[in-house]
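Spelled out, the chains give:
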Amino acid sequence: MEYLRAGQILRVNLTDRKVTREPVAPYVDRFIGGKGINLKLLFDGVEQATRPFDAENLLLFGIGSLVGTPFPGACRIDVMAKSPVTGAFGNSGMGGYLGAELKFAGYDNLVIEGKAEKPAYLYIRDDQVEIRDASAIWGHDTYETPFMVREDLKDTKAQVVCIGPAGERRVVYASVMSGTGNAAARTGLGAVMGSKNLKAIAVRGTRGIAVARPHEFLERCKSLLDLFRQNRMYASLHEAGLTRIHDREMRNVYELLGSTWEGGEDICEAEFLDKYLYRRVGCFACPVACFDSYNISGVGSGAGKCSPYGDLTWDLKNPDLMVFWRVFTECQRYGLDSRSLANTLAWLMKLYENGIITSQDTDGIAMEWGSPEAIIPMARKISYREGIGDLLANGLPAAAKKIGRGAEEHLLVAKGNPADMHMAPLKTIVLAAAVSPIGEDAQVQPFPDAVSARRYIQAKDEASFEEVIQRYKDRAEKEVGMREAADPRIVDGKAALVRHEEERTDIADMTGVCTWMTPFIGLPVDMQVIADFMTLGLGTAVDVDILNEAARRMHHLERAFVGKCGLTRRDDKVSKAYYGRLRPGGKLMPEINVTEAELEKMKDDYYRLMGWDLETGMPTRETLEKYGLAGVADSLGL
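Once that is clear, we can look at the overall build of the protein chain. When its secondary structure is counted, the protein chain shows 25 helices and 17 strands. Taken over C-alpha atoms, the radius of gyration comes to 23 Å for the protein chain, in line with the 26 Å a tight globule of 638 residues would show. Each of the three principal axes of the protein chain carries a C-alpha extent, and together these read 65 × 55 × 55 Å. Burial analysis of the protein chain (638 residues in total) assigns 61% to the buried set. By sequence separation, contacts in the protein chain at least 24 residues apart represent 67% of the contacts at least 6 residues apart. When the accessible surface of the protein chain is totalled, it reaches about 23,600 Å², and 48% of it is carbon and sulfur. Between the centroid of the 79 positive side chains of the protein chain and the centroid of its 89 negative side chains there is a distance of 2 Å.

Ranked by internal contacts, the top residues of the largest apolar core, which has 110 residues, are L66, F71, L122, I124 and I530. Once you skip the residues sitting within four places of it in the chain, I124 turns out to touch L10, L102, A105, Y107, L110, V129, A202, V203 and R204. Counting 102 residues, the second largest nonpolar core, distinct from the first, contains V85, F328, F465 and M610.

On to the environment of I37, then. Secondary-structure assignment places I37 in helix α2 (residues 35-45). Residues I37 and E239, spaced 202 residues apart in sequence, show a C-alpha to C-alpha distance of 35 Å. Those residues in contact with I37 that lie beyond four places of it in its chain are V24, Y27, V28, F31, I32 and N109.

Once that is clear, we can look at the sheet that holds strand β7 (residues 120-125). With respect to topology, six strands assemble into an open sheet ordered β8-β7-β12-β9-β10-β11, the strand pairing being mixed. The sheet is open, and its two edges are formed by β8 (128-133) and β11 (183-184), each paired on a single side. In the sheet, β7 pairs with β8 via six bridges, with the strands oriented antiparallel. Of the residues in β8, the one forming a bridge with Y121 is R132.

Glancing now at helix α20 (residues 494-511). Over its 18 residues, α20 extends 26 Å from the first C-alpha to the last, a length consistent with the 26 Å expected when each residue adds 1.5 Å. Of all 18 residues in α20, 16 are buried, a share of seventy percent or more. Looking at the residues trailing α20, positive phi occurs at G512, about 85 degrees.

A complete count under the given rule lists 21 aromatic pairs for this structure. Ring geometry for Y97 and F284: centres 6.3 Å apart, planes at 90 degrees, overall edge-to-face. Placement of the pair is Y97 in the loop between β5 (89-94) and α3 (98-105) and F284 in the loop between β13 (277-281) and β14 (291-296), with a sequence separation of 187 residues. A relative accessible area of 29% places Y97 in the partly exposed class. Ring centres of Y456 and F465 lie 5.1 Å apart, and the angle between their planes is 80 degrees; this geometry places the pair in the edge-to-face category. Here a set of aromatic residues connected by ring pairs shows up, and it is made of F272, Y276, Y294, Y309, F324, W325 and F328. Over the ring of W369 we find K317; its NZ or CZ atom is 4.8 Å from the centre of that ring. Here the basic side chain of K564 rests over the ring of F43, its NZ or CZ set 4.5 Å away from the ring centre.

Turning next to the environment of K35. Of note, K35 is situated in helix α2. Overall, the relative accessible area of 6% leaves K35 in the buried class. Put simply, K35 and R76 are 41 residues apart on the chain and 9.9 Å apart in space, counted from C-alpha to C-alpha. In this structure, K35 is in contact with D78, M80, F89, N91, D506, D509, M510, M554 and E558, ignoring residues within four places of it in sequence.

Within the fold, G389 resides in helix α15 (residues 388-392). Residue classification places G389 among the buried residues on the basis of a relative accessible area of 0%. Spatially, the C-alpha atoms of G389 and P377 are 9.7 Å apart, while their sequence positions differ by twelve residues.

This paragraph deals with the pattern of salt bridges. What the rule picks out here adds up to 54 salt bridges. With a closest N to O distance of 2.8 Å, E600 and R569 form a salt bridge. Of this pair, E600 sits in helix α23 (residues 596-610) while R569 sits in the loop between α22 (544-564) and α23, placing them 31 residues apart in sequence. For D605, the salt bridge goes to K601, with nearest N and O atoms at 2.9 Å. Taken as a pair, D605 and K601 lie in helix α23 at a separation of four residues, close to a single helical turn. Connected through shared salt-bridge partners, E462, E466, K473, E484, D487 and R489 make up one network.

Following both chains from N to C, one finds α20 and helix α21 (residues 527-538) inclined at 25 degrees, their axes separated by 11 Å at the closest point. Classed by the angle they form, the pair α20 and α21 counts as roughly parallel. As for the relative orientation of α20 and α21, their crossing is left-handed in sense. Residues R504, I507 and T511 of α20 lie in contact with α21, whose contacting residues are M527, I530 and M534. When grouped by side-chain class, the residues that make up the contact of α20 with α21 number four nonpolar, one polar and one charged.

Cut-off values and rules
Residues numbered from 1 in each chain as written. Predicted model: local features only at pLDDT ≥ 70, side-chain atom pairs only at ≥ 80, totals over all residues. Heavy atoms only, no water. Helix = DSSP H or I, 4+ residues; strand = E, 2+ residues; numbered from the N terminus. Rg over C-alpha atoms; globule rule 2.2 N^0.38 Å. Buried < 20%, exposed > 50% of the residue type's maximum accessible area, 1.4 Å probe, protein only. Contact = heavy atoms within 4.5 Å. Areas by Shrake-Rupley, 256 points an atom, 1.4 Å probe, with all protein chains shown as cover. Lys, Arg positive; Asp, Glu negative; His and termini not counted. Charge placed at Lys NZ, Arg CZ, Asp CG, Glu CD. Core = buried A, V, L, I, M, F, W, Y, C linked by side-chain atoms within 4.5 Å. Pairing = 2+ DSSP bridges. Expected span 1.5 Å × (residues − 1). Phe/Tyr/Trp six-rings, centres within 6.5 Å; stacked < 30°, edge-to-face > 60°. Lys NZ or Arg CZ within 6 Å of the ring centre and 35° of its normal. Salt bridge = Lys/Arg side-chain N within 4 Å of Asp/Glu carboxyl O. Axes fitted to C-alpha atoms, helices over the stretch in contact; angles between N-to-C directions. Parallel < 35°, antiparallel > 145°, perpendicular 65-115°, else oblique. Left-handed = near helix turned anticlockwise from the far one by under 90°. Nonpolar A, V, L, I, M, F, W, Y, C, P; charged D, E, K, R; others polar.

Structure follows, in structure tokens:
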């Protein structure tokens, strides 16, 4: 009996309609599960010359080791492919119920190969795997599609993920959507799914997951739930997700950015929540239920949202939360990443403000900051490739190149991926975005750096700053052994802070635990807790060192794939708009901003920590061999 595992990898070739299975056992010791096994399958299965929309590209779904158990928040499924956004690595996590259902059907990983001759959807029910005709469903949005699929199957309990019009038209920022509002939203994985003529995946599983020590496992789950309820963050998160916290956080971020605008102070997400909340929505085995779900007649209904609201409000100088909700639900329906849309709109508004484009370039729309007339039409235009939307659908770097006239200078992107506009570009954030294979990871936000930067701009003098920063220095010393890493003015220790966050995220991605359950937002699932539950589940000793070693192995393999695609140190960069963006009080503070020279220094520190070559930014053969990846080194010619 395999504990914590379903036991099989399911491969479906859409071209020849062939279904095969292979054991997952050869992968689990070194790569644990979820993202780890996905990455090994991607590296072995996708060649350097393969383009993102080629039939030879793989679309991978990997379920973390703890998913399918009662472990609180173990609900995540990793989605991966070669990306049309980065041109190399594409990855996104998704919550909801699909991961658990795939495990209950008997599979730890799903590999989609080839391209269907005509629109199709995949139906998995335990050993029964069918490629079914989706011609009648093609063209429908992501709210309609799950109902149509379940009706076609006559199975109301099937868990369905699908793409919308954006994915069908290969919009590079297209998402894979679940029926509960969860999305694999970054790096264009919905476009890859659309390129395969795959409209949806429906899964129904009737099996269970075995654990080695079930009684102890359940008792520890109960104890962990008690810890959640006692946690100071839990009540607010359970009642309002990040909504109440985010009201304050957006003001903090824009204090750092020094960008104020009329109407901004009137935004109150908490009031919107109190007035319009329909119900709370959560993922499989989640005690938090962080999604805010609204049902607002004539505006938008049915979608949940756990991520902050700032994309379509603060970032666009839009004080109208009804406009936000209308556009967000359209993004959900069309299967379009709302964060990428917000970045796109902010970029167009900046170009319009600077006279680089006029309304003649944007189908007669004046792209003025905060204008509903500018914000509302664009989700549809991009998703359906209408007018200016056709240009934007191919990605911002390509659009900037075609527009010219200095449009590229205003892009806020890394690895081609639109940045989170309200992630303050502190030294750690810029480094994390530069070295990330997907350009930016919202889960990598070192706390000591972010909070100390705000304390610095609020301090009256150096003495008062040194007094308030001591607690953050204490945390930095505990986390990375370097007290000065918490000082936002220096570069020393920043690489270590980034690595600390990456390791936490990597372990969560392999085991399928939502990072919202972790100290990332103050909840009690740390790496020791995950190791303890892995031990109880597998029946063999798993400690934090074992998990950290697997996480580093995965990180090296991730970097090796990027190198296989032709990227090197020179590609570890951010766009020019990142630099000098912090202007608290309208005043440039060079000491807390980052320069290109400082980024290069931090990259050196990061590469040294990883054991990577300083010139190329790639893992050395010695490092790969140390982690049992000699074959990877051979394939890279090292």
